[in-house]
Amino acid sequence: MDPPISVPEDWYPLSRSQPANAESDSVEDVFFVVLGVTGAGKSTFVSQCSGQQAEIGDSLESCTKQVESFTFMYSSNIRVHLVDSPGFDDTNKSDSDILKDIANWLASSYKEKNELLSGILMLHRVSDARMTGGSKRNLDMFQKLCGRESFQALTLATTFWSNPADGRQEAAESELRSKYWSDMLENGATYTRHEGGPESARRILDIMINKRRKFKTDIQVEMVEKGMRLDETAAGRQLSQDLIEAKLKHEQELRDLQVQHGTALRQSEQKSAERFSNLEKSLKSQIDEANLAQAKLQTNIAQLQEEKKQEMARAEERLKQQFKAVNERQKQYKAQLNASEKERAEEKAALEKELKSLREDLSSAGRKKACRPTEDDDGSVFESWIHRGLTLIGKFLGFLDR
C-alpha cells in the first residue's frame, strides 16, 4: 500500500471560497475519468473529492445513468473535472448504450474543445473475492477505449476495506495485483487502497494530480482523427464479439429447448411444455436484444452527437412538462387555499353574527326581568340561552382548531 500523502493546504472543493469558474491564465484544467463496476464507489469518491452531491446508491442498483462531470478547484491554479461514468454492468442501460455514452463524451470533448484526459481512476471492490464477469468486462473495455498509453496516467484502487483488513481481502488484493493488473502496473499504473473516508479520497486525488499527464485515448484517435464508426473501433469490436458470442450461445440454447419442447408436447406433458415455451420466449428476447445492441454500434461521431442532442432535447421537454405540471398543481393549491380562506372567513362571520345575536338576546332579557319580575318564571328561557352559548363556544373552538 502506498504511504499516505498529505492533503495540500490550498486544497478546497466548490463549497470553499474559490469559485470553479475562476478565470486566470495560470489555471490548469485537469480531466480525470472514474471507472468501475456498479457499486464500486465511483459516485461516493466523486462526492468526497468535489464537495458536490453525485447520486449515490446503497446497493448494486446503478444510480449513475450517464457520463457526468463535476468541477472544483483543487488549488489556486488547478481546476479538476472529475468525470463519473456508469459501469459496463449497469442495471439500467445496455453495454452498447454505455459504450456510446462514454465514446461520445471522450470523442466530443476532444473534437469540439480539444480536451484531453490527464488521468484515469479505476475502482474495484476488494470484497469481490474474484474478478467477476462485470469487473472483467469493465477492465477489457477500459483497455480498448483508452489504450496502453493511458497506463502511465492510471491509478488503480480497491474499495470497501474492513478495518482492520482481513486475510480474505488481502488475498484478493494480492491476486488482483499479481494476475489481473500486473501488466498495467508494470507499465506505469499506480495502485493504492481507498479506505473509505474523505481523507483517503483526497489522498488518491493527490496521487492522480502528481502523476497527471495529458494523452489521447485510442477511441479519440479512432473516431475523431481516423473517422471510424464505433463498431470499427477496438472497443466496439470487443463489444460486438461479446454480443456475437452471447447470441450464438442463446441460439444453441434455443435449439435445444425447442427439441425438448417438442418432446414434451408429444408426450402431453403440459406443465413442461409451458415452461419450455416461456424459456423460448426469454431466449428469443435476449437474441433480439443482442441484435439491437450490435446495430446501435454502427454509428459515427456525428451520429452520436446528434443522438445526444436529441436525447437532451427530449430531457429538456420532459423537464418543461414537469415544471408545467408543478405550476398547475401550485395554481390548484392556491385556488383551494383561497377557497378555504373564503369559506373560513364566511364561517367566522356567521359565528360572530350568532354570538352578537346571543349577547343581544341576553341583554334584552336581563332588562325585561329587572323591570317585570314574575313568580312563574321557571328559567327555561335562560336555560335555552345557556345551551346556545355552550354550543356556540364549541363551534368557535372547532373553528380555531382547523
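In this text, all values refer to a predicted model and were calculated from it rather than measured experimentally.

### Brief notes about the packing of aromatic side chains
Okay, so step 1: Counted according to the given criterion, the structure contains 2 aromatic pairs.
Okay, so step 2: Ring centres of tryptophan 181 and tyrosine 191 lie 6.0 Å apart, and the angle between their planes is 45°; this geometry places the pair in the tilted category. With tryptophan 181 in the loop between helix H4 (167-180) and helix H5 (182-186) and tyrosine 191 in strand S6 (residues 190-193), the pair connects residues that are 10 residues apart, well separated along the chain.
Okay, so step 3: Taking the ring centre of tryptophan 161 as reference, the NZ or CZ of arginine 193 above it sits at 3.8 Å.

### Focus: the sheet that holds strand S2 (residues 68-75)
Okay, so step 1: Taken in spatial order, the 6 strands make up an open sheet running S2-S3-S1-S4-S5-S6, and their pairing is mixed. In this open sheet, the two edge strands, each paired with only one partner strand, are S2 and S6. Put simply, the sheet's adjacent strands are angled 25° from each other on average, direction ignored.
Okay, so step 2: Its contacts with the sheet put helix H1 (residues 42-50) on strand S1 (28-36), S2, strand S3 (78-84) and strand S4 (119-125), and the angle it makes with S3 is roughly 160°.

### A closer look at the pairing of S4
Okay, so step 1: With 7 of its 7 residues buried, S4 lies for the most part within the structure.
Okay, so step 2: In this structure, S1 lies alongside S4, joined through 5 bridges in parallel fashion. Note that in S4 the partner of valine 34 across the bridge is leucine 121.
Okay, so step 3: Pairing between S4 and strand S5 (residues 154-159): 6 bridges, direction parallel. Along S5, the bridge assignment pairs methionine 122 with leucine 156.

About the thresholds
Residues numbered from 1 in each chain as written. Predicted model: local features only at pLDDT ≥ 70, side-chain atom pairs only at ≥ 80, totals over all residues. Heavy atoms only, no water. Phe/Tyr/Trp six-rings, centres within 6.5 Å; stacked < 30°, edge-to-face > 60°. Helix = DSSP H or I, 4+ residues; strand = E, 2+ residues; numbered from the N terminus. Lys NZ or Arg CZ within 6 Å of the ring centre and 35° of its normal. Pairing = 2+ DSSP bridges. Axes fitted to C-alpha atoms, helices over the stretch in contact; angles between N-to-C directions. Contact = heavy atoms within 4.5 Å. Buried < 20%, exposed > 50% of the residue type's maximum accessible area, 1.4 Å probe, protein only.

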